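In case you want the letters, here they are:
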Amino acid sequence: IQATGPERHFTGADLFSLEVAADPQISPDGSQVAYVRRSGDIMTDQFRSTIWLVDTRSSEQTPIAAGPGGHFSPRWSPDGSRLAYISSAEGGTTQIFVRWMESGEAVRLTNLPYAPGSIAWSPDGTRIAYSMLIPGESAGLGSAPDAPEGAEWADPLDVTTAVGYRADGQGYLRPGFNQIFVVPADGGTARQLSFGDYHHGGPLSWTPDGRAILFSGDLTPDWEMDPVEGEIYSLDVTTSAITPLTDRNGPDVNPVVSPDGRHIAWLGFDDQRRGYENVLLHVSDSDGSNQRVLTGALDRSINTAIWSANSRAVYVSYDDHGQTKVARVSLSGSITTVAEGLNGASLDRPYSGGSFSVARDGTLAITSGPATSPADIVLVRGSNRRQLTHLNDDLLGHKVMGEVRRMETASTFDGRPIESWLTLPPGHVEGQRHPLILEIHGGPFAAYGPHFSTDNQLYAAAGYAVLSVNPRGSTSYGTEFANLIHHAYPGNDYHDLMSAVDGVIAAGFADPDQLFVTGGSGGGVLTSWIVGNTNRFRAAATQKPVINWTTQALISDIPVFVANYWFGALPWEDQQSYWSRSPLSLVGNVETPTLVLVGGEDERTPVSEAEQYYMALRMEGVPTTLIRVPGASHGGLAARPSQSAAKASAILAWFDRYRNAPNDIME
Ligand SMILES: CC(=O)N[C@@H](C)C(=O)N[C@@H](C)C(=O)O
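None of the values given here were measured: they were computed from a predicted structure. (Residues numbered from 1 in each chain as written. Predicted model: local features only at pLDDT ≥ 70, side-chain atom pairs only at ≥ 80, totals over all residues. Heavy atoms only, no water.)

**Let's talk about the overall build of the protein chain**
Point 1. Assigned secondary structure in the protein chain consists of eleven helices and 38 strands.
Point 2. Relative to the globule expectation of 26 Å for 667 residues, the C-alpha radius of gyration of the protein chain, 25 Å, shows essentially globular dimensions.
Point 3. Across its three principal axes, the protein chain shows a C-alpha extent of roughly 75 × 65 × 60 Å.
Point 4. Taking all 667 residues of the protein chain together, the buried fraction comes to 55%.
Point 5. A sequence separation of at least 24 residues applies to 57% of the contacts in the protein chain between residues at least 6 apart.
Point 6. When the accessible area of the protein chain is evaluated, it comes to approximately 27,400 Å², of which 50% is carbon and sulfur surface.
Point 7. Computed over 45 positive and 74 negative side-chain charges, the separation of the two mean positions in the protein chain equals 6 Å. (Helix = DSSP H or I, 4+ residues; strand = E, 2+ residues; numbered from the N terminus. Rg over C-alpha atoms; globule rule 2.2 N^0.38 Å. Buried < 20%, exposed > 50% of the residue type's maximum accessible area, 1.4 Å probe, protein only. Contact = heavy atoms within 4.5 Å. Areas by Shrake-Rupley, 256 points an atom, 1.4 Å probe, with all protein chains shown as cover. Lys, Arg positive; Asp, Glu negative; His and termini not counted. Charge placed at Lys NZ, Arg CZ, Asp CG, Glu CD.)

**What about the UniProt feature "domain: Peptidase S9 prolyl oligopeptidase catalytic" (unreviewed entry) in the protein chain?**
Point 1. In the numbering used here, UniProt assigns the "domain: Peptidase S9 prolyl oligopeptidase catalytic" (unreviewed entry) feature to residues 450–658.
Point 2. Note that residues 450–658 is 44% helix and 16% strand, and that its end C-alpha atoms are spaced 29 Å apart. (UniProt positions renumbered as here; feature names shortened; annotations may be inferred.)

**Regarding the pairing of strand β13 (residues 176–184)**
Point 1. For β13, a buried count of seven out of nine residues is recorded, marking the element as mostly surrounded by other parts of the structure.
Point 2. Pairing of strand β10 (residues 127–135) with β13, which is carried by nine bridges, proceeds in the antiparallel orientation. Bridge pairing in β13 links tyrosine 130 to phenylalanine 181.
Point 3. Of the strand pairs in this sheet, β13 and strand β14 (residues 191–192) are connected by two bridges, and their pairing is antiparallel. (Pairing = 2+ DSSP bridges.)

**Structural notes on the site of the ligand**
Point 1. Neighbouring residues of the ligand: Arg349, Tyr351, Gly442, Gly443, Gly520, Ser521, Gly522, Lys544, Trp566, Arg604, Thr605 and His634.
Point 2. Within the contact set of the ligand, an oxygen atom lies 2.6 Å away from a side-chain nitrogen or oxygen of tyrosine 351.
Point 3. Between the ligand and lysine 544 there is a distance of 3.2 Å, counted from an oxygen atom to a side-chain nitrogen or oxygen.
Point 4. Protein burial of the ligand: of its 390 Å² of free accessible surface, 79% is covered by the chains.
Point 5. A per-class count over the shell around the ligand returns two nonpolar, seven polar and three charged. (Near = heavy atom within 4 Å. Polar contact = N/O pair within 3.5 Å; in protein donor to acceptor, adjacent residues only side chain to side chain. Nonpolar A, V, L, I, M, F, W, Y, C, P; charged D, E, K, R; others polar.)

**Concerning the pattern of salt bridges**
Oppositely charged side chains are able to pair whenever their charged atoms sit close together.
Point 1. All told, the structure shown has 24 salt bridges when counted by the stated rule.
Point 2. Put simply, arginine 75 and aspartate 23 hold a salt bridge, and the shortest N to O gap is 3.1 Å. Here the residue arginine 75 occupies a position in strand β5 (residues 71–76), and aspartate 23 occupies one in strand β1 (residues 19–26), the gap between them amounting to 52 residues.
Point 3. Judged by relative accessible area, aspartate 23 falls into the buried class, the value being 19%.
Point 4. In this structure, aspartate 414 and arginine 416 form a salt bridge, with 3.0 Å as the shortest nitrogen-oxygen distance.
Point 5. Judged by its relative accessible area of 35%, aspartate 414 falls in the partly exposed class.
Point 6. The exposure class assigned to arginine 416 is partly exposed, which follows from its relative accessible area of 24%. (Salt bridge = Lys/Arg side-chain N within 4 Å of Asp/Glu carboxyl O.)

**Things to note about the packing of helix α4 (residues 493–506) against helix α5 (residues 522–533)**
Point 1. Where α4 meets α5, the axes come as close as 11 Å, and the angle between the chain directions of the two elements is 80°. Looking at the two axes, α4 sits roughly perpendicular to α5. Facing α4, whose interface residues are Asp493, Tyr494, Leu497 and Met498, α5 presents Leu526, Trp529, Ile530 and Asn533. (Axes fitted to C-alpha atoms, helices over the stretch in contact; angles between N-to-C directions. Parallel < 35°, antiparallel > 145°, perpendicular 65-115°, else oblique.)

**Considering unusual backbone geometry**
Point 1. Following glycine 443, the chain continues into proline 444 via a peptide bond in cis, with omega recorded as -5°.
Point 2. Position of proline 444 among the secondary structure elements: in the loop between β33 (434–440) and α2 (454–461).
Point 3. Phi angles above zero are rare outside glycine, and serine 240 is one such case at about 70°.
Point 4. Mapping serine 240 onto the fold places it in the loop between β17 (231–236) and β18 (242–244).

**Comments concerning the side chain of aspartate 496**
Point 1. Relative to the helices and strands, aspartate 496 is located in helix α4.
Point 2. Apart from residues no more than four positions distant in its own chain, aspartate 496 is found in contact with Ser411, Ile418, Pro471 and Arg472.

**Let's talk about the layout of surface pockets**
Point 1. Of the pockets and cavities examined, the second largest pocket occupies roughly 1,600 Å³.
Point 2. Lining the second largest pocket are 40 residues, and of these Gln25, Arg75, Trp76, Val256 and Ile306 lie nearest its centre.
Point 3. Put simply, the parts of the chain that give the lining of the second largest pocket at least two residues each are β1, β5, β9 (116–121), β15 (201–206), β19 (252–257), β23 (302–307) and β27 (356–358).
Point 4. Here the element with the most residues in the lining of the second largest pocket is β23; it accounts for five residues.
Point 5. Among the residues forming the lining of the second largest pocket, the class breakdown is 24 nonpolar, 13 polar and three charged. (1 Å grid on protein atoms, 1.4 Å probe; cavity = no way out; pocket = protein on both sides within 12 Å on 5 of 7 lines; lining within 4 Å. Points joined across faces, edges and corners; volume = space filled by probe spheres on them.)

**Digging into a nonpolar patch on the surface**
Point 1. Taken together, Leu554, Leu570 and Trp572 make up a surface patch of nonpolar side chains, about 330 Å² in accessible area.
Point 2. Residue placement: leucine 554 occurs in helix α6 (residues 549–555).
Point 3. Leucine 554 sits in the partly exposed class, given a relative accessible area of 47%. (Patch = residues over 30% accessible without salt bridge, like charges linked within 9 Å, V, L, I, M, F, W, Y side chains within 5 Å.)

**Some remarks on the packing of aromatic side chains**
Point 1. All chains considered together, the criterion is met by 20 aromatic pairs.
Point 2. Judged by centre distance (5.4 Å) and plane angle (10°), the rings of tyrosine 130 and phenylalanine 181 are stacked. Highlighted residues: tyrosine 130 in strand β10 and phenylalanine 181 in strand β13, separated in sequence by 51 residues. Each of the two residues, tyrosine 130 as well as phenylalanine 181, counts as buried.
Point 3. An angle of 90° between the planes, with centres 6.0 Å apart, marks the rings of tryptophan 549 and tryptophan 566 as edge-to-face. Of this pair, tryptophan 549 sits in helix α6 while tryptophan 566 is found in helix α7 (residues 559–567), placing the two residues 17 residues apart along the sequence. You'll find tryptophan 549 and tryptophan 566 in the same group, each marked buried.
Point 4. An aromatic cluster of at least three residues, connected via ring pairs, comprises Tyr276, Phe445, Tyr489, Trp549, Phe561, Tyr565, Trp566, Phe567 and Tyr578.
Point 5. Here the basic side chain of arginine 37 rests over the ring of tryptophan 52, its NZ or CZ set 3.8 Å away from the ring centre. (Phe/Tyr/Trp six-rings, centres within 6.5 Å; stacked < 30°, edge-to-face > 60°. Lys NZ or Arg CZ within 6 Å of the ring centre and 35° of its normal.)

Okay, structure coming up:
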C-alpha cells in the first residue's frame, strides 16, 4: 500500500532511524568532544556504536571510528594529542586502538585474546592500563573415556563450584578472573600486573608519578558470598605489590586520584544490609588516611566522580527527583549544582541517567535532551548551554511527539507527595480524556523522569496517555523514601501507584473506564501485584516479572543479593515473607486479562518466572498469552529495534483487544 502523505506520528519503524549520544569526552583544552553515537541499523537490526568528534566552537562533526564493527570508550591522552578507544574494527575480539589527532592515523595497539575494558592513560601518556578476563580452569570431577582419533564427541561436562556462574547478558559464565594489564601507548608488549583468583575491577586510576594504579575489588576469601563488598587497592606497577587503602564493611569503588596526587576520591557506603543506600563521595589522603564523606548532607546517590584540574573539587553526577544533575563538590564539602537535565542512552523506558566529562577550565560536556528526543551532546560553560549535536532533528523534526507533563499527587496511604510524568497522545486537546496506560519502572530502586522513551511514545501515538510514576522505593528522593519498601516490596507502593492514576483521572486526562497497566522487571512485579489486588484495569501486560521470590532468589544471577538485602533471610528460613510478597500468592484473585512477556535469555528475572505466571493464569482460566523475545537478555529486552517495536505493538494489540470491549465482556 502506498503512503498518501508523510507519517507525522512516531512509529515502530522509526526505531531504526534513532540516534543517541553517549559517553561524551571533552578534550583537556575544551576544544572538542569525542562521543559515542549509537544508531539504529535496519539491515543488522542493532544499535551500532561509532565514535565522533564535535568541535565545541563550530559544532562541526568528524568521524573517528565509524566503519564496520563497534567502537566505544574514547579516552583522551593527558595532553590531548591522542585518543584511545576500544573497537572491533578488524573483526573478532575488541582491541585497543589509538588515534594520533594531528595526523589522523589510527593504529591497533593490542592483539588480545579477550575483550579489554576500563582503559586508562598513564599521566605521562606513555602507557595504557586496561582490565581483561583471564580464563581459569573449570572445576573438574571425573572424566569421560578417551575419544578415538577423529571421533566427534559432545562437549565435556560443565562442572561449576562458583556462586556467580551466570550473568544477565552473558549467560553461563566462562570461569576466570579480571586482571589488570599495561601496554605501551605507541605499541609493544602488554604486561600483566595483577594475579590470583580474585576480580581486579575497573575503573583504573594512575597516580601522577605513574608508579601505581588504583583499582577496586574484594580480595578476601568470602568474596563470592558478599556481592556488595569492595575495597580500594593500590597496585605497584613495577613490583605488582598490592596495598589496601580502605577497610570497612561496605563497598568502596571507583577510585580516582587527584591530578596533584594528594587525594583519592571514591564512591561507597556502610553496608547495613538495607535494600537501598545512598552511594556517597569519599576522599582521603593519597595513602588512604584521613577518610571522610563529602556528600553526606546531599541525601542523594552519587553516580560518577571526576576531579577538577586544580584538585580542589570533584564533579559528580547524581539523580534528584527523576532528573540527573552534575554538582561541583569542594574538598570542604560545599556542593554547587552546575548542570541539569542530563539524559541517558537507554531508549525504551524513561529511566534517569546520563554522562558527562570536564575540561581543564571546568567546561562540561553532558548528554542531554528533552523528553521528546534521545540525548544529544550539550556544552555547559557556567550558565551558558549550547547544544552541539542534533542527531534526531532529521527524523523527529517533522513528527508530532507526545508531550510530557510533570504531575504530583498525595499518596492515599500516608499523604506523601508522589511524582510522575504523563505522556499525552500527540495532538492532545485540553479537556480531552484518553485511555491510560500505567507503565511501572523496575529496580525497584531506580527512577523514571522526563526522559525520552520509545515505549511511551509508541503507546501515545496509538492514542493512550502514559503515566510513569516514582512510587515509594524510587531513587532520587533520598534514603528514607527509598527504604520505605525495605523488606516490604511489593507493598504500599501499590497505593502510591493507584493514587497517581486517580490523580490523572481527577485532573481530567484519563478515562476511568479505560485503564491499562504494564511494567518491566520490578515493574512486572508491581503489574502482577496490581491485578492480584484490583480489577480496575481492563488489561495488563507484565514484562520480565519476578513472580515467586523463592525461585528468584535461587535461579537469578543475583541470588545472594536478593536473599540478604531484599529479605534478610533465606527462603526456607522465612517462607512466609517470600510467599506473601510473591505475586503468585495472589494469582487466584486475578480476573484481568494479563499478557506475560520475557526475554528468552533473561538471567536476572529468569524465563521460568514468567512461565510460572503464565501457567498459573491458564490454570485459573484468566485470558493470557506468553511472549518470549528470542535471544533477549533482561537488560537487552529492547536491544534489537525490531523486537522493541514488536514488543510495544504486541502490548498495544493486547490492550486494544480490551480497550473498547463492552463491559459485559470484561465481566
Ligand atoms: C537489581 C535489578 O536488576 N533488579 C531487577 C529485578 C529490575 O527491576 N531491573 C530494572 C532496572 C529493569 O527495568 O530491568
